[in-house]
Amino acid sequence: MSKIDLNNLQRIVARGFGFDQAHHFILEVTKPLAAAAFLRGLEVTNAAESPRDRPHATAVGLSFRGLAALATKPEVLRTFRALAPAFAESAPLRAARRLGDSGTSAAAFWDPLFNLTRAHVLLSIYANSDEALDARVKELTGRAGDSLSGWDRPLRGRHLGSRGRRTEHFGFRDGVSQPVIKGIPRKAEAPRQPEFMELEAGEFLLGHVNEAGQNRWSRLGGGGDFFEDGSFCAFRQMRQDVAGFNSAVEALATEHGISKVLVRAKL
């Protein structure tokens, strides 16, 4: 197993943050050199840090077209096309056949923020208060200047429930099915996961061995440094019909003569 450098890995990949709320910005590169300089100087929260050390945390992701807009080396882009074609093609072009996004959910009707030609950078800022979020956003927008556009349309996120008892919109406890990445230390209070949920780092991190004993990114030689400890993520905006879900649960409970709690548990 190759050693994982926690200082080279974004914390959001390893553990998440635990903050109560977040602002997610989908940004377009307007001035490539200035944007690249801003991103190089960005303090991204790494896996060796504790969220308690700062009043906020930061994570960043780049789309394939974002990498191209930042004048990334052609050999890096070619490698993504060869080894990660889904990432290179992008979600809007794959949505209908891979995600079932058709009809009113088709990519043509998505929020303009997710437009193929402008969704270059995903910048997420996490904190426990509006004041801490606003201060961090003000700092970053001042440093970024006009090198990136889209700061005026944050997508706001907020946890449901109190800390330690997180739930998602349908009322289920959140985060209980997270797999364990081998080589990343677990918090002492973290619940013990079954062995089958402890997976090789290469299932999540580029440059490491996966469950099949392979490292697909090892063939890159010296150029592999760009990919080392990188990962892929999906950022998806959805509308969830909570009222419809609750009505379905009640109907099933009535039909089968069982409690709504049992129906929810089976679901």
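In this text, all values refer to a predicted model and were calculated from it rather than measured experimentally. (Residues numbered from 1 in each chain as written. Predicted model: local features only at pLDDT ≥ 70, side-chain atom pairs only at ≥ 80, totals over all residues. Heavy atoms only, no water.)

Student: Explain the overall build of the chain here, please?
Tutor: For the chain, the count of helices and strands is nine helices and seven strands. Burial analysis of the chain (267 residues in total) assigns 35% to the buried set. Considering only residue pairs separated by 6 or more positions, the chain has 68% of its internal contacts joining residues 24 or more positions apart. Mean positive and mean negative side-chain charge positions of the chain (36 and 30 charges, respectively) differ by 1 Å. (Helix = DSSP H or I, 4+ residues; strand = E, 2+ residues; numbered from the N terminus. Buried < 20%, exposed > 50% of the residue type's maximum accessible area, 1.4 Å probe, protein only. Contact = heavy atoms within 4.5 Å. Lys, Arg positive; Asp, Glu negative; His and termini not counted. Charge placed at Lys NZ, Arg CZ, Asp CG, Glu CD.)

Student: It is not clear to me how unusual backbone geometry should be interpreted in this structure. Could you clarify?
Tutor: Excluding glycine, most residues fall at negative phi; most peptide bonds, likewise, are trans. One non-glycine residue, Ala 71, lies in the positive phi region at around 60 degrees. Its place among the elements puts Ala 71 in the loop between α3 (64-69) and α4 (74-83). Under the relative-accessibility criterion, Ala 71 is labelled exposed at 63%. A positive phi angle, near 90 degrees, is found at Ser 90, a position not held by glycine. Assignment of secondary structure puts Ser 90 in the loop between α5 (85-89) and α6 (91-99). The class for Ser 90 is buried, based on a relative accessible area of 13%.

Student: Looking at this structure, I do not really get the environment of Lys 3. What am I missing?
Tutor: Within the secondary structure, Lys 3 is located in the segment before α1 (11-14). Given the relative accessible area of 77%, Lys 3 is considered exposed. Placed 257 residues apart in sequence, Lys 3 and Lys 260 show a C-alpha to C-alpha distance of 47 Å.

Student: How should I be thinking about the packing of aromatic side chains in this particular structure?
Tutor: Note on aromatic pairs: each is described by the distance of the centres and the angle between the planes. Going through the model one piece at a time under the given rule, you end up with 15 aromatic pairs. Ring centres of Phe 87 and Phe 232 lie 5.3 Å apart, and the angle between their planes is 55 degrees; this geometry places the pair in the tilted category. Taken together, the positions of Phe 87 in helix α5 and Phe 232 in the loop between β7 (198-199) and α8 (242-256) put the pair 145 residues apart, joining distant regions of the chain. Owing to a relative accessible area of 38%, Phe 232 belongs among the partly exposed residues under this scheme. (Phe/Tyr/Trp six-rings, centres within 6.5 Å; stacked < 30°, edge-to-face > 60°.)

Student: Help me understand helix α7 (residues 130-144), please; the structure alone is not making it clear to me.
Tutor: Spanning 15 residues, α7 covers 21 Å between terminal C-alpha atoms, matching the ideal 21 Å at 1.5 Å per step. Turning to α7, its buried residues are Ala 132, Leu 133, Arg 136, Val 137, Leu 140 and Ala 144. Down the axis of α7, the sector holding all buried residues measures 125 degrees, keeping them to one side. Facing away from the buried side of α7, by more than 90 degrees, are the exposed residues Glu 131, Lys 138 and Gly 142. The elements touched by buried residues of α7 are β1 (21-29), α2 (32-40), β2 (56-62) and β3 (121-127). Phi turns positive, to about 60 degrees, at Gly 145, one or two residues after α7. (Expected span 1.5 Å × (residues − 1). Arc of directions from axis to C-beta.)

Student: Whenever I open this one, the side chain of Arg 11 confuses me. Can you help?
Tutor: Within the fold, Arg 11 resides in helix α1. The class of Arg 11 is buried, set by a relative accessible area of 7%. Those residues within four positions of Arg 11 in sequence are excluded, and the remaining contacts are Gly 16, Phe 17, Thr 45, Asn 46, Ala 47, Glu 49, Ser 50 and Pro 51.

Student: I tried to follow the pattern of salt bridges on my own but got confused; where do I start?
Tutor: Between side chains of opposite charge, a pair can form when the charged atoms approach closely. Scanning all chains against the criterion turns up twelve salt bridges. Note that Glu 49 and Arg 54 form a salt bridge whose closest N and O atoms lie 3.6 Å from each other. Ionic pairing is found between Arg 143 and Glu 139, a salt bridge with its closest N-O pair at 2.8 Å. In this pair, Arg 143 and Glu 139 both sit in helix α7, four residues apart, roughly one turn of the helix. According to the relative accessible area criterion, Arg 143 is partly exposed, its value standing at 35%. (Salt bridge = Lys/Arg side-chain N within 4 Å of Asp/Glu carboxyl O.)

Student: What am I meant to see in the side chain of Asp 111 here?
Tutor: Summarising the element assignment, Asp 111 is placed in the loop between α6 and β3. At a separation of 2.8 Å, a polar atom in the side chain of Asp 111 contacts the side chain of Arg 153. Apart from the residues lying within four places of it in its own chain, the contact partners of Asp 111 are Arg 153 and Gln 237. (Polar contact = N/O pair within 3.5 Å; in protein donor to acceptor, adjacent residues only side chain to side chain.)

Student: Sorry, what's going on with the pairing of β3 here?
Tutor: For a regular strand, side-chain orientation follows a simple rule: the groups alternate between the two sheet faces. With seven of its seven residues buried, β3 lies for the most part within the structure. On β3, burial covers both faces: Val 121, Leu 123, Ile 125 and Ala 127 on one face and Leu 122, Ser 124 and Tyr 126 on the other are all buried. Relative to β3, β1 is paired through seven bridges, and the arrangement is antiparallel. Bridged to Phe 25 within β3 is Leu 123. When β2 meets β3, the two strands line up antiparallel, connected through seven bridges. In the strand pairing of β3, His 56 is matched with Ala 127. (Pairing = 2+ DSSP bridges.)

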